[in-house]
Amino acid sequence: MIKRGKFFRALGVTSVAASSMLMMATATTSGASSGTIAKGKPVTIGVSLSLSGDFSGDGLAFKQGYELWAADVNKQGGLLGHKVKLDIVSDASSPTQVVTNYQKLISSDHVNLTFGPFSSLLTLPAAKAVSRYGYAMVEGAGGAPSVFQAGLTNVFDVELPVIGWMLPYAHWMASLPKSQRPKTAAYVTSNDPFTQPQIPVVEKILKKAGIKTVYNSVFPAEVTDFTAIADAVAASKAQAVIIGSNGIPIISGFMQAFEQAHYNPKNIVATGGPDQGSQFIKAVGVKNANGIMVPDTWYGLSSNPQSKKMVAEYVKQYGGTPSGVSADVAEAYAVGQVMANAVKATKGFDNSKIIKYLHSGVTIKSVLGTEKFNKLGESFSATAFTFQWQNGKFLQVNPTSDPNSVKVLYPKPVWGK
Amino acid sequence: MNSSALIHALIDGVLTGSVYALMATGLTLIFGVMDIINIAQGILVILGAYLSYALSVHWGIDPFVGLLITIPTLFVVGIVIEWAFIRRLKGPEKTAMSILVTYAVSLLIEGALNMIFTVNNVQIQTWYVNRSFEIFGIWIPYIYVFGFILAAVLLSALYYILYRTRFGASVRASLADQTAAALVGIDVRRVSTICFGIGVAVTAAGGMIYGATNAFNASSSYDLISRLLIIIVLGGMGSLGGALVAGMAMVTIEDIVAVAWSPVWSTMSFFLVLVLVLLVRPQGLFGKQSARTA
């Protein structure tokens with residue numbers, strides 16, 4: 001026989017569990033199958049973004065991209081006649097807060113659709129949380145393999161998966177005449193899901209081209225002082241350095257330590273950081289930026305007509321120059337375009353229909369190019385580019401076959417030149 | 001393993017560690033005298049970095065000369081924070097509440113910095129930031145040497161104030177027992193206010209060096225505060241000497257492990273040392289065994 005106290009405790013636990021399941025079921029029902037919105041009511045899109053914390057720079061650029069898209073759609077009458085209302089909350093770059101945010105957006109705020117957060121680190125837990133409610137998550141910054149290997153069917157990434165980002169760089173390096181090709185390379189990366197998967201892809205190609213690995217190391221994302229690691233790279237005397245950085249502090253830390261160690265490799269490429277325009281220049285200086293390379297899947301001078309239109313609107317609203325527009329803005333804008341296409345095609349806001357439609361192999365045009373999702377939600381249609389800072393200008397340098405690519409500045413000038 | 005690389009890592013560790021020690025000194029002083037865990041210390045370091053950056057960019061003032069402005073400014077900021085928020089904390093929950101209150105202060109300052117400077121990363125640039133000199137084949141960065149000298153001067157000044165002045169005697173008496181100090185006529189509230197001001201003022205120097213060696217924005221404070229708290233736990237909460245030793249130990253251990261073994265284990269190895277020390281000495285390296293109850 002159960003004692004009275006235990007009985008009430010058990011009853012309480014059961015009630016809480018049952019209520020939670022009921023709430024979840026209600027939310028799932030409203031999310032997955034409602035599909036219609038009363039006339040005159042806006043369509044609400046829930047987004048969690050890193051408006052503070054480590055990814056705040058990228059988070060704010062994403063916010064601009066989402067808002068630019070929403071403003072454009074609303075100018076044209078909204079989605080199926082409903083004005084778009086963005087419900088953006090900050091996750092402070094925290095993988096736990098992002099889960100709480102999406103749970104609240106769906107179960108409490110009852111948003112109709114969701115857009116993804118910034119970075120693979122946050123996209124994976126966010127997509128899992130959203131998946132439980134049957135919502136689609138179209139996102140623009142979760143291209144790490146870990147996102148696609150989680151067995152989720154609701155996630156759709158508009159950018160090229162990160163394993164493809166460094167391919168043009170690696171192929172260019174491998175194609176250099178043997179006399180010019182570096183003989184040795186050092187690989188050093190943060191243990192971040194965005195940076196780490198990119199490194200083995202490059203190493204494999206360079207090794208095949210006869211470029212010997214003389215240093216290869218992963219460091220924890222918590223590291224803030226890169227002097228000792230940079231000194232170890234410098235001690236390896238590698239002629240090419242491939243740095244897995246997810247932002248400016250890491251790449252600028254390595255560059256500063258390399259200069260202090262009087263270490264001048266022939267080539268330096270970083271997975272992230274140098275793509276952040278004037279921010280990067282402010283941190284490292286114009287002269288030191290000279291010759292630094294970075295991969296990306298979009299740039300402000302892209303000849304894509306949709307991209308040109310978006311860039312013009314961006315510059316009009318936020319100022320700056322086309323080449324200074326962050327790829328984050330375009331990725332966020334493309335998320336909106338893909339979702340808008342799916343809503344129009346399915347004639348409603350039913351997330352299950354949207355998921356089915358995006359898995360159907362349909363081709364969608366966006367500011368990034370063409371989107372076509374495979375069964376994992378990856379879009380391999382996008383193109384990867386490599387960019388390089390040359391005398392204060394951020395220029396596309398490969399694929400070398402692309403007519404918009406200029407000649408690579410190689411070897412990299414010594415620091416400060 | 002290259003012995004030159006090890007020596008280099010050791011030098012880097014000692015030079016960089018001294019700056020972390022300087023930042024942590026303020027934190028441990030504030031805890032020692034007031035039983036306040038100042039979570040805002042990290043963002044105050046960043047505030048110090050931004051002030052040096054602004055003076056350098058807008059008025060062309062060298063960051064070291066700028067300390068003549070930023071240190072007094074942050075002293076006043078500390079006094080204002082103590083008056084506005086900390087003084088109101090009383091009772092047995094004071095220490096626990098201080099974590100929440102100073103976290104709120106931290107968020108306020110972070111928000112203000114984001115509004116003023118945006119979230120874009122910046123770095124203090126001046127001629128010596130990227131330059132170095134060679135000794136026996138090892139390149140030593142000027143900025144780390146200057147930072148070490150600055151830390152040594154300021155820590156010596158702090159030591160002098162604490163051990164050679166009347167005010168220092170009051171501080172030490174308050175550190176030992178606030179009630180007894182009050183009973184012998186020491187104005188513990190005044191001592192606390194000034195100590196909070198000093199604890200915050202040293203962040204100006206630490207922030208300047210941090211801003212010259214790292215690209216930063218307001219969010220950089222999160223990485224910093226966790227490191228500073230670890231330093232004062234290892235050194236012993238309330239111990240100035242402990243902060244110095246622990247600050248140097250933290251960076252030196254990390255750097256040597258990164259070079260000799262792998263960066264993967266650098267952070268973990270320090271935490272391993274921390275756990276081992278705390279198993280043997282739960283009060284930290286130089287902390288007092290008996291917990292203060294005042």
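Counting restarts for each chain: residues are numbered from 1 in the order of the written sequence. Just so you know, chain letters begin at A and ligand numbers begin at 1, following the order they were written in. With pLDDT at 70 or above as the cut-off, local features in this predicted model cover only qualifying residues; side-chain atom pairs require 80 or more to be listed or tallied, and sums for whole chains, interfaces and linings still use all residues.

A. Local environment of the overall build of chain A. Tallying secondary structure elements over chain A gives 14 helices and 14 strands in all. Radius of gyration here is computed from C-alpha atoms only, and the compact-globule reference equals 2.2 Å multiplied by the residue count raised to the power 0.38. A globule of 417 residues ought to have a C-alpha radius of gyration of about 22 Å, and chain A, at 23 Å, matches this closely. Out of the 417 residues in chain A, the part that is buried amounts to 53%. Contact between residues is assigned whenever the C-beta positions, reconstructed from backbone atoms, fall within 7 Å. Contacts in chain A between residues at least 24 apart in sequence constitute 71% of all its contacts with a sequence separation of at least 6. Counting from the N terminus, the helices are DSSP H or I runs at least four residues long and the strands are E runs at least two residues long. Neighbour counting defines burial: a residue surrounded by 20 or more other C-beta atoms within 10 Å of its own C-beta is buried, one with 12 or fewer is exposed, and intermediate counts give partly exposed, using backbone-placed C-beta atoms.

B. Structural view of the packing of helix α10 (residues 240-260) of chain B against helix α11 (residues 266-280) of chain B. Residues and elements named next belong to chain B. At a minimum axis distance of 8 Å, the contact between α10 and α11 shows a crossing angle of 135°. As far as their axial angle goes, α11 and α10 are oblique. The hand of the α10/α11 crossing is right-handed. Contacts from Met250, Ile253, Glu254, Val257 and Ala258 in α10 reach Ser266, Thr267, Ser269, Phe270 and Val273 in α11. Class assignment of the residues belonging to the contact of α10 with α11 gives a composition of 6 nonpolar, 3 polar and 1 charged. The convention used is that axes are lines fitted to C-alpha atoms, helices contributing only their stretch in contact, and that angles between N-to-C directions extend from 0 to 180 degrees. Each angle is binned into one of four classes, with values under 35 degrees roughly parallel, values over 145 roughly antiparallel, values of 65 to 115 roughly perpendicular, and all other values oblique. Crossing handedness: left-handed means the near helix sits turned counterclockwise from the far one by under a right angle, and right-handed means the same turn made clockwise. For this scheme, ten residues count as nonpolar: Ala, Val, Leu, Ile, Met, Phe, Trp, Tyr, Cys and Pro. Four count as charged, namely Asp, Glu, Lys and Arg, and the remainder, Gly too, count as polar.

C. Structural detail: the domain arrangement of chain A. Residue and element names in this part refer to chain A. Domain start and stop points were drawn from an automatic or database domain assignment. Segmentation of chain A into domains returns domain 1 (35-163 + 326-371) and domain 2 (166-270 + 277-297 + 385-398). Domain 1 and domain 2 are separated by 31 Å when their C-alpha centres are compared. Contact with domain 1, which involves 14 residues of that partner, is made by 10 residues of domain 2. Mapped by element, the contributors of at least two residues to the side of domain 1 that touches domain 2 are α4 (120-132) and α5 (145-148). Of the residues assigned to the side of domain 1 that touches domain 2, the class counts are 8 nonpolar, 5 polar and 1 charged.

D. Structural context of the sheet that holds strand β1 (residues 43-49) of chain A. Residue and element names in this part refer to chain A. One open sheet holds the 5 strands; their spatial order is β2-β1-β3-β4-β5, and the pairing between them is parallel. Each of the sheet's edge strands pairs with one partner strand only, and the pair in question is β2 (84-90) and β5 (155-157). Shown here is a sheet whose adjacent strand axes are inclined to one another by a mean of 25°, direction ignored. We call two strands paired when DSSP finds no fewer than two bridges between them. As paired strands, strand β3 (residues 113-115) and strand β4 (residues 137-139) are joined by 2 bridges and run parallel to one another. What sits directly across from Phe115, in β4, is Val138. Along the sheet, helix α2 (residues 56-75) makes contact with β1, β2 and β3, crossing β2 at roughly 170°. The strands touched by α4 are β1, β3, β4 and β5; relative to β4, the strand with the most contacts, the crossing angle is about 160°.

E. Fine view of the interface of chain B and chain A. Residue-level contacts link 33 residues of chain B with 33 residues of chain A. Of all the elements in the fold, those that place two or more residues in the side of chain B that touches chain A are α1 (3-34), α4 (94-117), β2 (138-141), α9 (220-235), α10 and α11 of chain B.

F. The nonpolar core, seen in detail. Throughout this description, the term nonpolar core refers to a group of buried Ala, Val, Leu, Ile, Met, Phe, Trp, Tyr and Cys residues whose C-beta atoms join them within 7 Å. Formed by 218 residues in total, the largest nonpolar core has its most connected members in Cys195, Ile231 and Ile232 of chain B. Element by element, the count of residues in this core is highest for α1 of chain B, at 16 residues. Each of domain 1 (35-163 + 326-371) and domain 2 (166-270 + 277-297 + 385-398) of chain A contributes no fewer than three residues to this core. If sequence neighbours within four positions are ignored, Ile231 of chain B has contacts with Tyr20, Ala21, Ala24, Ala243, Ala246, Gly247 and Met250 of chain B.

G. Structural view of the pairing of strand β6 (residues 184-190) of chain A. Residue and element names in this part refer to chain A. Buried residues dominate β6, accounting for 6 of its 7 residues. Direction of pairing for β6 relative to strand β7 (residues 212-219): parallel, over a ladder of 7 bridges. Counterpart to Thr189 in the pairing with β7 is Val218. Taking the sense of rotation as the criterion, the β-α-β connection linking β6, helix α7 (residues 198-208) and β7 turns out right-handed. With 5 bridges joining them, β6 and strand β8 (residues 240-244) adopt parallel strand pairing. What sits directly across from Ala185, in β8, is Ala240. The handedness of a crossover follows from its direction of travel: if, with the strands pointing away from the viewer, the path from the first strand over the helix to the second runs clockwise, the crossover is right-handed.

H. Structural detail: the environment of Ala270 of chain A. Residues and elements named next belong to chain A. Inspection of the secondary structure puts Ala270 in strand β9 (residues 267-270). Residues Ala270 and Ser245 lie 25 residues apart in sequence; the distance between their C-alpha atoms is 6.0 Å. The contacts of Ala270, once residues within four sequence positions are left out, are Ile243, Ser245, Ile251, Ile292 and Val294.

I. Region of interest: the pairing of β1 of chain A. All names here are of chain A. Extensive coverage of β1 is indicated by the burial of 7 of its 7 residues. Alternating positions in β1 separate into two faces, Val43, Ile45, Val47 and Leu49 on one and Thr44, Gly46 and Ser48 on the other, with burial throughout. Where β1 and β2 come together, 7 bridges link them in parallel fashion. The residue of β2 that forms the bridge with Val47 is Ile88. In terms of strand pairing, β1 meets β3 through 3 bridges, oriented parallel. Residue Gly46 lies in a different strand from β3, and its bridge partner there is Thr114.

J. A look at helix α12 (residues 305-318) of chain A. All names here are of chain A. Taking 1.5 Å per residue, 14 residues should reach 20 Å; α12 reaches 20 Å between its end C-alpha atoms and fits that length. Taken together, the buried positions of α12 are Ser307, Met310, Val311 and Tyr314. Looking down the long axis of α12, one finds its buried residues gathered within 100° of arc, a one-sided arrangement. Those residues of α12 that are exposed and aimed more than 90 degrees away from the buried face are Pro305, Lys309, Ala312 and Lys316. Along its buried surface, α12 packs onto α2 and α13 (327-346). Among the residues trailing α12, Gly319 stands out with phi positive, at a value near 85°. One less than the number of residues in a helix, times 1.5 Å, gives the span that helix is expected to have. The directions from the helix axis to the C-beta atoms are what the arc is built from.

K. How the structure looks around unusual backbone geometry. Going from Asn398 of chain A to Pro399 of chain A, the amide bond is cis rather than trans, its omega being 20°. For Pro399 of chain A, the location among the structural elements is in the segment after β14 (393-398). In this model, Lys237 of chain A sits at a positive phi of 55°, which is unusual for a non-glycine residue. Note on placement: Lys237 of chain A falls in the loop between α8 (227-236) and β8. One non-glycine residue, Phe136 of chain B, lies in the positive phi region at around 50°. Here Phe136 of chain B is to be found in the loop between β1 (132-135) and β2. By C-beta crowding, Phe136 of chain B is classed as exposed, having 6 other C-beta atoms within 10 Å.

L. View of the environment of Gly143 of chain A. All names here are of chain A. Tracing the backbone shows Gly143 in the loop between β4 and α5. Residue classification places Gly143 among the buried positions, given that 29 C-beta atoms sit within 10 Å. Residues Gly143 and Pro161, 18 residues apart in the sequence, show an inter-C-alpha distance of 4.4 Å. Here Gly143 is in contact with Ser120, Asp157, Glu159, Leu160, Pro161 and Val162, once residues within four sequence places are set aside.

M. Quick look at the confidence of the model for chain B. What pLDDT expresses is the predictor's confidence in each residue, scored from 0 to 100. Predicted confidence across chain B gives a mean pLDDT of 88, with 98% of residues reaching 70 or more. Reported confidence for the predicted complex is 0.83 by ipTM and 0.82 by pTM.

N. Looking closely at the packing of α2 of chain A against α13 of chain A. Residue and element names in this part refer to chain A. Interhelical geometry of α2 versus α13 gives an angle of 40° and a closest axis separation of 7 Å. With respect to α13, the axis of α2 lies oblique. Crossing of α2 against α13: the hand is right-handed. Only Asp328, Val329, Ala330, Glu331, Ala332, Tyr333, Gly336, Gln337 and Ala340 of α13 make contact with α2, whose side of the interface consists of Asp58, Ala61, Phe62, Gln64, Gly65, Tyr66, Leu68, Trp69, Ala70 and Val73. Taken together, the residues of the contact of α2 with α13 break down into 12 nonpolar, 4 polar and 3 charged.

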